[in-house]
Structures are given as C-alpha cells and as structure tokens.
Amino acid sequence: LPPRHMDSVVQIVEALDSTDTGFAGTVPELARALGGCSTPGCRAVLGDPPHVPPAPPTLSHEQWLLFTQLLHHDAGAPERGAVLAPDGSTVSLGPLLAGIEVGLKRAAGWPTPTIEPPIDALYAVTITEALATSFLLARDGDGNRATLGPGGCWDDVDDPQNYTLLGPPSPIPDAIANGAMDGVLLGAHLAREPIPLADLLRGYYGMGNGTEKGRPPSSYRRRDFGVLTGPGKLEEEVAAMLRVLRVLPPTQELLEDMGPEEVVAIARQAARDFMEVYVECPAIVPRCMWGARPYRGTPKPLTLPLDSIYIHHTFIPSAPCRTFTACARDMRNMQRFHQDTRGWDDIGYSFVVGSDGYLYQGRGWHWVGAHTKGYNSKGYGVGYVGDFSATLPDPDTIALVRDGLLPCAVRTGRLHHNYTLRGHRQMGHTDCPGNSLFHEIKTWHGFK
C-alpha cells in the first residue's frame, strides 16, 4: 500500500476532488461513509453515515484500500487510523476529517443540529465525545485504566506502514488527540474561509514541495488549540456531551446512576487532564521515532523529583535543526558520537531541544544521564541543538523549555517546585551553553 503518510492522504484527496467520483458528497462525507465518524455522539451531530460507494475510478486499488483502512473504526485498535505528518507527529484521520466536515457545513450555512442540551458540533465530533467516553469507562473500571495516551512509533519513518503504541491504549491515544486538535483548528478555519481541502492540508502540514518557510502550522497545534479553546470551554463542552450521551440509547447505561455533580466532576477532570497533557506540556519525540540505538549496559534510575536543571548547547552540530528529518538525524549522530567516541552508554542529554517545535527524548525522565559531570543524578540535562555562543535560539524554541518543559516537569512531580537552574559552565570547565544562551537563561525562573 502507499505509505501511511499525510502526503498519501493529500494525493487521495486531490484525486477525489479532481473529478466526479460517482459520490454525491464531499471527501469528509465519504470518510464518514467508510466509518470515520461512527460513534453515537458523532451520528447525533452529523446524522447517519452515507452508504459506501463503489471504489472511485480516480483512485488506484491501493489508494482506495489505504483510505478504507484508515477510516475503518476499530475501538480495539484506534492506532490503525493514523498517518505520519511531515513534522514527525502522528495524526488520526477520523477526528481530523470530522472536524473539517463541520467547518465546511458551517461555511455553507448549515443549520446547527438541534440537540438537547445544545453542544458545539465542532468539539463534539472531534474531542468531547472521546474524552467523555474515556473518563466514563475509567470511572466504571478498576481505576488503573488509562484515560489518555500513549504515543507510538512507526516501523519506518520513510515508508510508514505499521504504527505500534508504546503502552496499553486509552480511547484517546496521542494520534487521536492530534487528529482532534487539528480537526478543531482546521474546521474553525474552513468555517471562516473555505479553501480546497488538498490546499488546506498541504499548507497546514507543510508539504510545499520543499519550499516551506519555517515551521509548518501543525507544529504549533498545542499552542493554537489552547488559544482557541481554553480549559473552561473544553470542560463546558465535555459536560454537555455527557448529558447528550445520557439520552442516546447506545450509551445510556454508562450514565444511568450518575448525578449532575458527578457529570461536572468528570468533565472538569477530563478537560484539566487533556489540557495538561496535550496543551500545557510540550510534545516529546520518543526514542524509537528518531531512530535511537539501544542503551548499552543497564540504565540507573533517577530518584524523583529532582532538584536541578542544567542547560547546554550541543556546539556540534552547530546549526539549529528546523525539521523532524534534520533533528532526528542530529540525534542519531550525537548518540553515535557519545557511544562510540566518548564511550558512554547512550546519548548523554535527558532531553534535546530542536528548533522544529519539538523536544527529543534522550535518557528521558527516569534514567541518569551523562551531561553534567558529578551532577548527573541530581538534575536533568537539557541540550539545545546548535552553537549559541553569539546568537540565541528562536523565541519559540526558548519558550519550549522555559514556559513548556520546566512548568510541566514541576506539575507532573518530576522536578521540585523550588528547583535550581544552571548553565553547564557553572558546574565545570566549559563555555557551554554559549555566551548568548547563558545570558538568556539568567533571566529564567530558578536561575542561581
């Protein structure tokens, strides 16, 4: 089959839009016919799905098979509907195309569905039904059930075919969360300004045939979703969706013994957890996505929470990496150097900061690194890719650590709230993290 990549999806969308396929509806309606939005809440908002048409003549057999597989709803394996985006994130097509359908309908003057209580259709078909269901099921279970996540990894980022989750699935693995946030953002955009779907996807995911400038908009999804939504709005919409699910026959019994206070409490918890995990905390690219070699030897566990953060720059590579491909290559090169030349067990840093909007997992949250001699078990080592002796990282890249990673590490219990932040040069004989970056971190919370 064609690779499970957003490029393949855009080619399919273009082929479907280019001619009369024999299907009267839009591409998102075709997606719904194939099962992309088949849950009770989604049907209540958008109606029953259309009948599945015969394979359109404009698509190859392989393209039609891929599109059908990506939209077949399988609650037991939600990761099967995912594709890899150029920024290295993984996106589920179901919630993405459902949000786009609502946006297109609004642009065409669609009368809002009369559902009691009233709900925001854009959030209902993308995120709030999935969130409400996830937290409802956890309430009825044994308390150990995951409500959000996990992430996952592709078998091959150049020809992605199989996506494997990194832990037990919740109803909202990371790919569904990404697809839902993108569905909200692109649906809201289309409602204001309808443009051809292939152009919208190509622009948002940064597939401008190598001519894209800077980061693609998709790498800002967490920030943009947070700006558009806010925790109050999300909580309100999850609560409204819970009240709708209470009257829909397939989901009635999940809520039959639940009072109004419990509905509010579940909605608050669901909204708060989602915003913390997917908006306030930055995305971290797992080791298997950048192509890490195995750790050598036995990693030593850290005792959390830690007291310190040490800021580094890589010096070599000296240029910031601005795409997933470049950052993943830099990670592999650094790991090779640290293991083969320095003789360390693994890449030394806890986390590495790309200028593509993403953090990359080195040793991660739980294992002692090799970044700040004599202090590796006392703090996390965070390295910026590039030489920042004379220049600074982009403002976004500075904020990724200062306003994203550090507050997230405190909130999740990995770092003491009264942590100390230092540059590498304060702990040993080195110019790291470069004069410019060192002057910058002096202004950060916790600097001593």
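Nothing here was measured: the structure is a model prediction, and the numbers come from that model.

Glancing now at the nonpolar core. Of all hydrophobic cores here, the largest spans 47 residues; its most connected members are L131, L234, L242 and F274. If you list the elements that add at least two residues to this core, you get α3 (40-46), α5 (93-107), α6 (121-140), α7 (174-192), α9 (221-247) and α10 (260-280). Of the residues forming this core, the biggest block, 10 residues, is contributed by α6. Counting 34 residues, the second largest nonpolar core, distinct from the first, contains W64, L97, L197 and A198.

Okay, the UniProt feature "domain: Peptidoglycan recognition protein family" (unreviewed entry) in the chain next. UniProt annotation of "domain: Peptidoglycan recognition protein family" (unreviewed entry) refers to residues 282-428 when read in the numbering used here. Helix and strand shares over residues 282-428 are 27% and 21% respectively, and the end C-alpha atoms of the span are 29 Å apart.

As a further point, take the domain arrangement of the chain. Partitioning the chain into domains gives domain 1 (6-280) and domain 2 (288-442). Each of domain 1 and domain 2 was reduced to a C-alpha centroid, and the two centroids are 33 Å apart. On the domain 2 side, the residues contacting the 17 residues of domain 1 number 11 residues. Here domain 1 is connected to domain 2 by 3 salt bridges. Between R215 and D396 there is a salt bridge, with its nearest N and O atoms 3.6 Å apart. Between domain 1 and domain 2 we count 4 residue pairs in polar contact (both at pLDDT 80 or more) in total. Of all elements in the fold, only β3 (152-154) and α10 reach the threshold of two or more residues within the side of domain 1 that touches domain 2.

Moving on: helix α12 (residues 324-341). An α-helical segment advances 3.6 residues per turn. Residues three or four places apart therefore align on the same side. With 18 residues, α12 should cover 26 Å at 1.5 Å per step; its first-to-last C-alpha distance of 25 Å lies within 8% of that length. Taken together, the buried positions of α12 are occupied by F324, A326, C327, A328, D330, M331, M334, Q335, H338 and Q339. Among the residues trailing α12, G343 stands out with phi positive, at a value near 80 degrees.

Parameters at a glance
- Residues numbered from 1 in each chain as written.
- Predicted model: local features only at pLDDT ≥ 70, side-chain atom pairs only at ≥ 80, totals over all residues.
- Heavy atoms only, no water.
- Core = buried A, V, L, I, M, F, W, Y, C linked by side-chain atoms within 4.5 Å.
- Buried < 20%, exposed > 50% of the residue type's maximum accessible area, 1.4 Å probe, protein only.
- Helix = DSSP H or I, 4+ residues; strand = E, 2+ residues; numbered from the N terminus.
- UniProt positions renumbered as here; feature names shortened; annotations may be inferred.
- Domains from an automatic or database assignment.
- Contact = heavy atoms within 4.5 Å.
- Salt bridge = Lys/Arg side-chain N within 4 Å of Asp/Glu carboxyl O.
- Polar contact = N/O pair within 3.5 Å; in protein donor to acceptor, adjacent residues only side chain to side chain.
- Expected span 1.5 Å × (residues − 1).

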